[in-house]
Amino acid sequence: MIANLGDRDSRTELIMAAQRLLSQRPPSGITGKQIARESGIHYGLIYHYFESKEALFLEAMQQLTADYISDREVVVDRSQPLPPPSLR
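The shown structure was predicted, so the numbers you read here are calculated from the model rather than taken from an experiment.

Peer 1: Please set out helix H4 (residues 53-75) residue by residue, giving values where relevant.
Peer 2: Its 23 residues give H4 an end-to-end C-alpha distance of 33 Å, which sits within 8% of 33 Å, the value for a rise of 1.5 Å per residue. Among the residues of H4, Lys53, Leu56, Phe57 and Ala60 are the ones counted as buried.

Peer 1: Can you tell me about the nonpolar core, naming the residues and giving the values?
Peer 2: Soluble globular proteins tend to pack their nonpolar side chains together in the buried interior. With 15 residues, the main nonpolar core has Leu14, Ile30, Ile35, Phe50, Leu56 and Phe57 as its most contacted residues. Of all elements in the fold, only helix H1 (7-22), helix H3 (46-49) and H4 reach the threshold of two or more residues within this core.

Peer 1: Outline helix H2 (residues 32-39), listing residues and values.
Peer 2: An α-helical turn contains 3.6 residues, so any two residues separated by three or four positions project in the same direction. Buried within H2 we find Gly32, Ile35, Ala36 and Ser39. Within H2, the buried residues cover an arc of 100 degrees as seen down the axis, which keeps them to one side. For H2, the exposed residues lying more than 90 degrees away from the buried face are Lys33 and Arg37. Looking one or two places after H2, you find glycine 40, whose phi comes out positive at around 75 degrees.

Peer 1: Mind laying out the pattern of salt bridges, listing which residues take part and the relevant values?
Peer 2: According to the stated counting rule, one finds one salt bridge in the structure shown. Notably, a salt bridge pairs glutamate 38 with arginine 20, separated by 2.7 Å at the nearest N-O pair. Residue glutamate 38 is found in helix H2, and its partner arginine 20 is found in helix H1; the two are separated by 18 residues along the sequence. Exposure remark for glutamate 38: the relative accessible area of 33% places this residue in the partly exposed category.

Peer 1: Give a detailed account of the packing of aromatic side chains, specifying residues and quantitative values.
Peer 2: In total, this model carries one aromatic pair according to the counting rule given. Considering the side-chain rings of tyrosine 43 and tyrosine 47, the 5.8 Å spacing of their centres and the 70 degrees angle between planes classify their relative orientation as edge-to-face. With relative accessibility at 40%, the residue tyrosine 47 sits in the partly exposed group.

About the cut-offs
Residues numbered from 1 in each chain as written. Predicted model: local features only at pLDDT ≥ 70, side-chain atom pairs only at ≥ 80, totals over all residues. Heavy atoms only, no water. Helix = DSSP H or I, 4+ residues; strand = E, 2+ residues; numbered from the N terminus. Expected span 1.5 Å × (residues − 1). Buried < 20%, exposed > 50% of the residue type's maximum accessible area, 1.4 Å probe, protein only. Core = buried A, V, L, I, M, F, W, Y, C linked by side-chain atoms within 4.5 Å. Arc of directions from axis to C-beta. Salt bridge = Lys/Arg side-chain N within 4 Å of Asp/Glu carboxyl O. Phe/Tyr/Trp six-rings, centres within 6.5 Å; stacked < 30°, edge-to-face > 60°.

Structure, rendered in structure tokens:
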């Protein structure tokens, strides 16, 4: 089934599908058709939103990294000083 979403939603769905697939296998083991099937977005739209499949993977990983860092910022207690370098 092909999704009928707006530009932003289609792009987001492709990124989320790439993230799910990247959690299961390396980029070399993922095809554009698998991303399209996972996202419910037409295959050709991958190249409408991204220059290449690799650009999609890069965006997916950058978003995951940014989300991870944001989550860690909330958890880390910056009121406590870091241990001396000899203990790190």
